[in-house]
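Single-letter residue listing:
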Amino acid sequence: MVAATLASLHIWYNEPTPGNERPQLLSKLAILELCGWLEHWMDDLVLEVARRCICPDPWVAEKIIKNTNGFHYTMHLRSMLAKLIGEHQVLVGESRMEASHPGELQNIKSILGQLWTTRCSYAHSDLLHNVQAQATFDAPSWTITQHRAIEQKLTNYKAVFVQLASEIPQA
């Protein structure tokens, strides 16, 4: 769904306009859409891992997901997983990810870090302040490229952690 939304934003972005405001707003919206998708993707991953560990969804939603607002790798995704399965298991999962998909974990961290910085800049300031701060407004096509660059890597990451969760002994 996010791919279709980003494609629509790209089309609207490329339509002729009398000024720069509309393309800048569409650029901001594209980033915010992708970042919202990332947050939901992470929540879904945590819930899937919880189900594999036979941990009740309501508890996970209340105690882990509800208190996490963001999609930065270390601050948000890794932190949620560590609360759920423990630091040791997260290290095991990261090691497996690196072994089965070399370089992808670092790439995920890099893309998420870059998107987190951009999203914070856009979300915590209005357009006028972004312009005054000489913020870069990447076209929605850039955001589409970021989505394509991370989507398969996240699919691989999910597969590793869902498999790992299936192997964790139940108490």
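Whatever comes next refers back to the structure up there.
Please read all numbers here as calculations on a predicted model, not as lab measurements.

Rules of the game
Residues numbered from 1 in each chain as written. Predicted model: local features only at pLDDT ≥ 70, side-chain atom pairs only at ≥ 80, totals over all residues. Heavy atoms only, no water. Helix = DSSP H or I, 4+ residues; strand = E, 2+ residues; numbered from the N terminus. Buried < 20%, exposed > 50% of the residue type's maximum accessible area, 1.4 Å probe, protein only. Contact = heavy atoms within 4.5 Å. Areas by Shrake-Rupley, 256 points an atom, 1.4 Å probe, with all protein chains shown as cover. Lys, Arg positive; Asp, Glu negative; His and termini not counted. Charge placed at Lys NZ, Arg CZ, Asp CG, Glu CD. Axes fitted to C-alpha atoms, helices over the stretch in contact; angles between N-to-C directions. Parallel < 35°, antiparallel > 145°, perpendicular 65-115°, else oblique. Left-handed = near helix turned anticlockwise from the far one by under 90°. Arc of directions from axis to C-beta. Core = buried A, V, L, I, M, F, W, Y, C linked by side-chain atoms within 4.5 Å. Phe/Tyr/Trp six-rings, centres within 6.5 Å; stacked < 30°, edge-to-face > 60°. Salt bridge = Lys/Arg side-chain N within 4 Å of Asp/Glu carboxyl O.

Asker: Residues and numbers for the overall build of the protein, please.
Answerer: When you go through the protein residue by residue, the secondary structure sums to eight helices and zero strands. Reading the helices (α) and strands (β) of the protein from amino to carboxyl end gives α-α-α-α-α-α-α-α. For the protein, buried positions account for 43% of its 171 residues. The long-range share in the protein, meaning contacts at least 24 apart out of those at least 6 apart in sequence, stands at 77%. Within the structure as shown, the protein displays about 9,000 Å² of accessible surface, and the carbon and sulfur contribution to it stands at 54%. Taking the average location of the 14 positive side-chain charges in the protein and that of its 17 negative ones, the two points are 3 Å from each other.

Asker: I'd like a description of the packing of helix α2 (residues 21-52) against helix α3 (residues 57-65), backed by residues and values.
Answerer: Where α2 contacts α3, the axes come no closer than 10 Å and their chain directions differ by 135°. Accordingly, the angle class assigned to the pair α2 and α3 is oblique. Note on packing geometry: the crossing formed by α2 with α3 is right-handed. In this structure, α2 contributes Asp-43, Val-46, Leu-47, Ala-50 and Arg-51 to the contact, and α3 contributes Asp-57, Val-60, Ile-64 and Ile-65.

Asker: Mind laying out α3, listing which residues take part and the relevant values?
Answerer: Owing to its 3.6 residues per turn, the α-helix aligns residues three or four sequence positions apart on the same side. For α3, every residue scored as buried is listed here: Val-60, Ile-64 and Ile-65. Down the axis, α3 shows its buried residues gathered within 70° of arc, on one side only.

Asker: Please give an account of the nonpolar core that cites residues and values.
Answerer: If you look at the biggest cluster of nonpolar residues, it comprises 43 residues, and the most contacted ones within it are Val-49, Val-60, Leu-81, Leu-84, Ile-85 and Tyr-157. Among the elements of the structure, α2, α3, α4 (73-85), α5 (87-100), α6 (104-123) and α8 (140-167) are those that each provide at least two residues to this core. In terms of residue count, α2 provides more of this core than any other element does, eleven residues in total. Residue contacts for Ile-85: discarding those within four places in its chain leaves Val-49, Cys-53, Val-90, Phe-161, Leu-164 and Ile-168.

Asker: Can you tell me about the packing of aromatic side chains, naming the residues and giving the values?
Answerer: Tallied over the full model, the rule gives four aromatic pairs. For the pair Phe-71 and Trp-116, a centre-to-centre distance of 5.2 Å together with 80° between the ring planes defines the contact as edge-to-face. Within this pair, whereas Phe-71 is found in the loop between α3 and α4, its partner Trp-116 is found in helix α6, the two being separated by 45 residues in sequence. Each member of the pair, Phe-71 as well as Trp-116, is classed as buried.

Asker: Give me the pattern of salt bridges: which residues, what numbers.
Answerer: Counted by the stated rule, this structure contains eight salt bridges. Among the ionic pairs, Arg-52 bridges to Glu-48, the shortest N-O distance being 2.9 Å. Here Glu-48 and Arg-52 lie together in helix α2, a separation of four residues that amounts to about one turn. On the accessibility criterion, Glu-48 (19% relative accessible area) is buried. Arg-51 is the salt-bridge partner of Asp-57, the closest N and O atoms lying 3.0 Å from each other. The partly exposed category is assigned to Asp-57, whose relative accessible area is 28%. Judged by relative accessible area, which is 43%, Arg-51 ranks as partly exposed. Among the charged side chains, a network of salt bridges with common partners joins Glu-48, Arg-51, Arg-52 and Asp-57.

Asker: Break down the environment of Phe-137 for me, citing the residues and quoting the values.
Answerer: As for its placement among the helices and strands, Phe-137 is situated in the loop between α7 (127-132) and α8. In sequence terms Phe-137 and Ser-125 are twelve residues apart; their C-alpha atoms lie 13 Å from each other.

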